[in-house]
Amino acid sequence: MATTRLIPMHVIKGQTVAHTVHERLSYAINPEKTNSGQLVKAYGCEPETAAGEMLLCKKEYETYIGRSEEKKSDIVLYQIRQSFKPGEITPERAQEIGYELAMSFTKGKYQFVVATHTDHAHIHNHIIFNSTSIDHTQKFRNFLGSSEAIRKISDKLCLENGLSIIEAPKQGPSHYGKWLGDKKPLSWQEKLRQTIDAVMVQKPADFDTFLKLMVVNGYEVKQGQHLAFKASGQQKFTRLRSLGEGYSEDELKSAILGKNVHTPKAKKPYRKNPDKINLLVDIQAKLQAGKGPGYERWAKVFNLKQMAQTINFLTENNITDYETLVEKTKAVTDRYHELSQHIKQIEKRMAEISELKKHIINYAKTKDVFTAYRESGYSGRFYEANTEDILLHQSAKQAFSLLSAKQIPAMKNLQLEYRKCSSAKKSLSADYRSMKSIMKQSVIIKNNVDLIMGASCPEDKKIERVL
């Protein structure tokens, strides 16, 4: 998966807008960096004339707004740097992904040039887009979260293309190129340790021989209260005592005499929680473990777009281990069922109120008819003539007899309670719909993770897909 960075490009100090645009684009499309210009692609302009076409668009924008935009502090271009892990992608595919990223982020509203550079260990894209829209009616505004939006688009595209993931994406310019596989420059201390390790492998006869070998390897020796070394280009001496266990003067002398064994210092990997292996790394390792029968069955019912959505969901929700995924899925599922049950209870009460209101109305409407029926001595002829009203009255009385309260509630109170229930249902329904969507997505993501991480993929297992 690529790392990304959004860089606003201001007018170069002491230069014009035109010079700045030409200068920035010239660097990006440099033939020496882009395979003689073959790795340059543009949108809304031609690579050869991109600077002129972007400047023309800016002039049309000035005409549109009725004033000049020639300000020294003005942002004239934006650049997206997208860099890939070494050995993982071809320059041609990197350019395709860069173009898709640019089109998705700008939505086709801004001219852009995608230049893929191959002059470093890591292949990387310089995506430069005009700050002025193609229709020359607006300027791009760098919104809060734009860098995050670019990262998500890039992550999705990379995952869809089967590229590796970043365990913990870092924000800020300092991260550019570090994860990409370029070796981080060694500190003077680490370089000294490595030289000492190499010299000790040669088994020097005594400590003086050890010091001579250090000189041969380019180090200046400073002997005094504390033995120290300085490499060519280094400004200050590095004391042995600062190198840690196994590198003190006494420990090295003891190892040379054969009293102990010199062991190079091992670099310990940092893990925030050693008891939990990052789920994203687990997933990626699983997919890269091989293309056996299980993988083939998985591939028939699953695809990399779903994989990308799964990874993005885990990243956005800060889910780095399977236990957390299970807990969060259970939590949202429980909440969904809780809301569902609550809504059903409210709906049941609203139905009861509606039914009771109907009986109260029917009772009032048929009261006189039933009184006359009773006074007639329950005459069969009277019953036949007023059957419907009599049955409605009897049904209402039966409903009243089932009430727990001795007194029939007033219609006004029932109407008030019904309105409260309706309002509560409306409020809960909004939460219910939202939780239903979250629950559904969480369950699907968990099923996807179970499928990816599972040892096998049964053909008859129903595969939930990310919507």
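Everything below is about the structure printed above this text.
Rules used in this analysis
Residues numbered from 1 in each chain as written. Predicted model: local features only at pLDDT ≥ 70, side-chain atom pairs only at ≥ 80, totals over all residues. Heavy atoms only, no water. Salt bridge = Lys/Arg side-chain N within 4 Å of Asp/Glu carboxyl O. Helix = DSSP H or I, 4+ residues; strand = E, 2+ residues; numbered from the N terminus. Buried < 20%, exposed > 50% of the residue type's maximum accessible area, 1.4 Å probe, protein only. Pairing = 2+ DSSP bridges. Contact = heavy atoms within 4.5 Å. Axes fitted to C-alpha atoms, helices over the stretch in contact; angles between N-to-C directions. Phe/Tyr/Trp six-rings, centres within 6.5 Å; stacked < 30°, edge-to-face > 60°. Lys NZ or Arg CZ within 6 Å of the ring centre and 35° of its normal. Expected span 1.5 Å × (residues − 1). Bend = angle between axes of the 7 residues up to and from the residue. Left-handed = near helix turned anticlockwise from the far one by under 90°. Core = buried A, V, L, I, M, F, W, Y, C linked by side-chain atoms within 4.5 Å. Arc of directions from axis to C-beta.

1. Focus on the pattern of salt bridges
For the structure shown, the criterion picks out 14 salt bridges. Of the charged contacts, one joins Glu-249 and Lys-253 as a salt bridge, the two residues approaching to 3.0 Å between their closest N and O atoms. With Glu-249 and Lys-253 both in helix H7 (residues 249-256) and four residues apart, the pair spans about one turn of that helix. Linking Arg-335 and Glu-338 is a salt bridge whose minimum nitrogen-to-oxygen distance equals 2.9 Å. Of this pair, Arg-335 and Glu-338 both sit in helix H11 (residues 322-375), separated by three residues, roughly a single helical turn. Overall, Glu-338 belongs to the partly exposed group, its relative accessible area being 49%. A single network of salt bridges, built from pairs that share partners, joins Glu-148, Arg-151 and Asp-155.

2. Description of the sheet that holds strand S7 (residues 228-231)
Spatially, three strands are ordered S6-S7-S8 in an open sheet, and the strand pairing comes out antiparallel. Each edge of the open sheet carries a strand with a single partner, namely strand S6 (219-222) and strand S8 (238-239). With two bridges joining them, S7 and S8 adopt antiparallel strand pairing. Its bridge partner being in S8, Phe-229 is matched across the sheet by Thr-238. Its contacts with the sheet place helix H6 (residues 207-216) against S6 and S7, and it is angled at close to 140° to S6.

3. Regarding the packing of aromatic side chains
Counted under the stated rule, the structure contains 18 aromatic pairs. Joined through ring pairs, the aromatic side chains of Tyr-78, Phe-105, Tyr-110, Phe-129, Phe-140 and Phe-143 make up one cluster. Lying over the aromatic face of Phe-207, Lys-253 brings its terminal NZ or CZ to 5.1 Å of the ring centre. Lying across the ring of Tyr-418, Lys-357 places its NZ or CZ 5.3 Å from the centre.

4. Some thoughts on unusual backbone geometry
The backbone of Asn-35 sits at a positive phi, close to 55°, despite the residue not being glycine. Among the secondary structure elements, Asn-35 is positioned in the loop between helix H1 (17-28) and strand S2 (40-43).

5. Quick look at the pairing of strand S5 (residues 124-133)
Counting buried positions along S5 gives ten out of ten residues, so the element sits mostly inside the fold. Note: strand S3 (residues 75-83) against S5, seven bridges, orientation antiparallel. Paired with Ser-83 across the two strands is His-124, which belongs to S5. Judged from the seven bridges that link them, strand S4 (residues 110-117) and S5 form a sheet pairing that is antiparallel. Across the sheet, the residue bridging to Tyr-110 is Ser-133, located in S5. In sequence, S4 turns back onto S5 through a hairpin of six residues.

6. Quick word on H11
Helix length check: H11 (54 residues) gives 77 Å between terminal C-alpha atoms against 80 Å at 1.5 Å per residue, within 8%. Along its length, H11 shows its largest kink, about 50°, at Thr-366. One or two residues past the end of H11 sits Gly-377, with phi positive at roughly 75°.

7. Regarding the packing of H1 against helix H2 (residues 50-65)
At their nearest, the axes of H1 and H2 sit 9 Å apart, and the two run at 145° to each other. As for the relative orientation of H1 and H2, their crossing is right-handed in sense. Contacts from Val-17, Ala-18, Val-21, His-22 and Leu-25 in H1 reach Ala-50, Ala-51, Gly-52, Met-54, Leu-55 and Lys-58 in H2.

8. Notes on the nonpolar core
Core analysis: the largest hydrophobic core is formed by 24 residues, its most contacted members being Ile-80, Phe-84, Ile-89, Leu-101, Phe-105 and Phe-129. If you list the elements that add at least two residues to this core, you get S3, helix H3 (91-106), S4, S5 and helix H4 (146-160). Looking at this core, the element that brings in the most residues is H3, giving six residues. If near-sequence neighbours (up to four positions away) are discounted, Phe-129 is found in contact with Leu-6, Leu-77, Tyr-78, Ile-80, Phe-105, Thr-106, Tyr-110, Gln-111, Phe-112 and Phe-140.

9. Concerning H2
Compared with an ideal rise of 1.5 Å per residue, which puts 16 residues at 22 Å, H2 spans 23 Å between its outermost C-alpha atoms and is within 8% of the ideal. Among the residues of H2, Ala-50, Ala-51, Met-54, Leu-55, Cys-57, Lys-58, Tyr-61 and Glu-62 are the ones counted as buried. The buried residues of H2 occupy one face: seen down the axis, they fall within an arc of 155°. What points out from H2, more than 90 degrees from its buried face, is the exposed set Leu-56, Lys-59, Thr-63 and Tyr-64. For H2, the elements touching its buried residues are H1, S3, S4 and S5. At the C-terminal side of H2, Gly-66 shows a positive phi close to 80°.

10. Some remarks on the pairing of S2
Judged by which residues are buried, S2 turns out to be one-sided: Val-40 and Ala-42 face inward and are buried, whereas Lys-41 and Tyr-43, on the alternate face, are not. For S2 and S4, the ladder comprises four bridges, and the chain directions are antiparallel. Bridging from a neighbouring strand, Ala-42 pairs with Val-113 of S4.

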